[in-house]
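Descriptive analysis of the structure
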Amino acid sequence: MQNDLKLIDYLRQRHSTPVAQIKEPGPSDAEIEAILSLASRVPDHGKLAPWRFIVYRGAVRGELSAEFLRLALEKDPELSDAAQEAERTRFLRAPVVIGVVSKAAPHVKIPEWEQVLSAGAVCLNMLMAAEAHGFVANWRTEWIAYDARALELLGIAPDEKAAGFIHIGSSDFPVPDRPRPELSQIVTYAGEGRG
Ligand SMILES: Cc1cc2nc3c(=O)[nH]c(=O)nc-3n(C[C@H](O)[C@H](O)[C@H](O)COP(=O)(O)O)c2cc1C
């Protein structure tokens, strides 16, 4: 994102960059802190902060990816070479991967669903915070978000959920936009309709 882009112009063309197009450099430590600080500035009913972050960068990305391959081969020893390579590089595709972890839980006042929604807001906000710092990003989950052993390796507890693994880096790849829903397909006006 160009840093002088007006917010309305940014929102008109906001899109993700495919993970295969994300390269070095990634954000510095200070930039990661700034991105996390902006990302956590979201609507959050009850001010529970029902989410947390795990930053994966450097060698741990390769170590985790090797473990993903091991788990994937346990499930399917016949995994193709391409699929093995996809596992071996799963967390190496971007210089920085940030796990957004939902801690949503039953609460006396705040519905759990609303806590989950707040974690989704964090993920989108993180994409935008990364772009505001001149990086590109992509929100992924993939099988590792739903596999108990992968989650344990990732440092995510059994009573938590992975809301997303936000891949952050750089790219000059011109991303073609994807089809967006027609408003006529998704909007109804209640009551007397449009003013
Ligand atoms: C919760 C969530 C999980 C996603 N996980 C994946 C995934 O595992 N693999 C994938 O190819 N895309 C996944 N996507 C879609 C990518 O983020 C995709 O690049 C994005 O929807 C493109 O939309 P945008 O250009 O409007 O940002 C996921 C999206 C969401 C919201």
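Residues numbered from 1 in each chain as written. Predicted model: local features only at pLDDT ≥ 70, side-chain atom pairs only at ≥ 80, totals over all residues. Heavy atoms only, no water.

1. Quick look at the confidence of the model for the chain
Put simply, the rule is: The pLDDT value expresses, per residue, how confident the predictor is, ranging between 0 and 100. Counting from the N terminus, the helices are DSSP H or I runs at least four residues long and the strands are E runs at least two residues long.
Of the residues in the chain, 97% reach a pLDDT of 70 or more, and the chain-wide mean stands at 96. Strand 2 (residues 96-102) holds the highest mean pLDDT among the elements of the chain, 99, whereas helix 1 (residues 7-13) holds the lowest, 94.

2. Section: the packing of aromatic side chains
Cut-off, in case you're wondering: Any two of the Phe, Tyr and Trp rings considered here, Trp counted by its six-membered ring, make a pair once their centres fall within 6.5 Å; the pair's planes then place it as stacked at under 30 degrees, edge-to-face at over 60, or tilted in between. Any residue under 20% of the maximum accessible area for its type is buried, any over 50% is exposed, and the rest in between are partly exposed; the area is computed with a 1.4 Å probe on protein chains only.
Tallied over the entire structure, the rule returns 6 aromatic pairs. With a centroid separation of 5.2 Å and an interplanar angle of 55°, the aromatic rings of Y56 and F91 are classed as tilted. With Y56 in strand 1 (residues 51-57) and F91 in the loop between helix 4 (81-88) and strand 2, this residue pair connects regions lying 35 residues apart in the sequence. In this structure, Y56 and F91 share a single accessibility class: buried.

3. Examining the site of the ligand
Defined as follows: Summary of the distance rule: residues count as near a molecule or strand when at least one heavy atom falls within 4 Å of that molecule or strand. The definition of a polar contact used here is a pair of N or O atoms within 3.5 Å, where within protein one atom must be able to donate a hydrogen and the other to accept one, and adjacent residues in sequence count solely through side-chain atom pairs. By the convention adopted, Pro, Cys, Tyr, Trp, Phe, Met, Ile, Leu, Val and Ala count as nonpolar, Lys, Arg, Asp and Glu as charged, and the other residues, Gly among them, as polar.
With respect to spatial proximity, the complete set of residues near the ligand consists of R14, H15, S16, N138, W139, R140, T141, E142, R178 and R180. A distance of 2.6 Å separates an oxygen atom of the ligand from a polar atom in the backbone of W139. One nitrogen or oxygen atom from the main chain of E142 is found 2.9 Å from an oxygen atom belonging to the ligand. Of the residues in the shell around the ligand, the class split is 1 nonpolar, 4 polar and 5 charged.

4. Some points on the packing of helix 2 (residues 29-39) against helix 5 (residues 112-132)
The condition is simple: Every axis in this analysis is a line fitted to C-alpha atoms, fitted for helices over the stretch in contact. Angles between the N-to-C directions lie between 0 and 180 degrees. Angular relationships are summarised with four words: roughly parallel below 35 degrees, roughly antiparallel beyond 145, roughly perpendicular across 65 to 115, and oblique for the angles in between. Handedness of a helix crossing follows the sense of rotation of the near helix relative to the far helix, less than a right angle counterclockwise being left-handed and clockwise being right-handed. Note on contacts: a residue pair is in contact if any heavy atoms of the two residues lie within 4.5 Å.
Put simply, helix 2 and helix 5 touch, their axes get as near as 8 Å, and they point 140° apart. When the axis of helix 2 is compared with that of helix 5, the two are oblique. Crossing of helix 2 against helix 5: the hand is right-handed. In contact with I35, L36, L38 and A39 of helix 2, helix 5 contributes V122, N125, M126, A129 and A130. Across the contact of helix 2 with helix 5, the residue classes tally to 8 nonpolar, 1 polar and no charged.

5. What to know about unusual backbone geometry
For the bond from E24 to P25, the omega torsion is -5°, close enough to zero to count as cis. If you trace the backbone, P25 turns up in the loop between helix 1 and helix 2. If you check the backbone angles, E142 has positive phi at about 65° while not being a glycine. Residue placement: E142 occurs in the loop between strand 3 (136-140) and helix 6 (148-154).

6. Some thoughts on the environment of K6
Looking at the element boundaries, K6 is found in the segment before helix 1. Classification of K6 by relative accessible area gives exposed; the value is 57%. Along the chain, K6 and E112 lie 106 residues apart, while their C-alpha atoms are 35 Å from each other.

7. As for the side chain of S170
Summarising the element assignment, S170 is placed in the loop between strand 4 (161-169) and helix 7 (183-186). Take S170: its relative accessible area is 16%, and that puts it in the buried class. Side-chain polar atoms of S170 contact the backbone oxygen of P25, separated by 2.5 Å.

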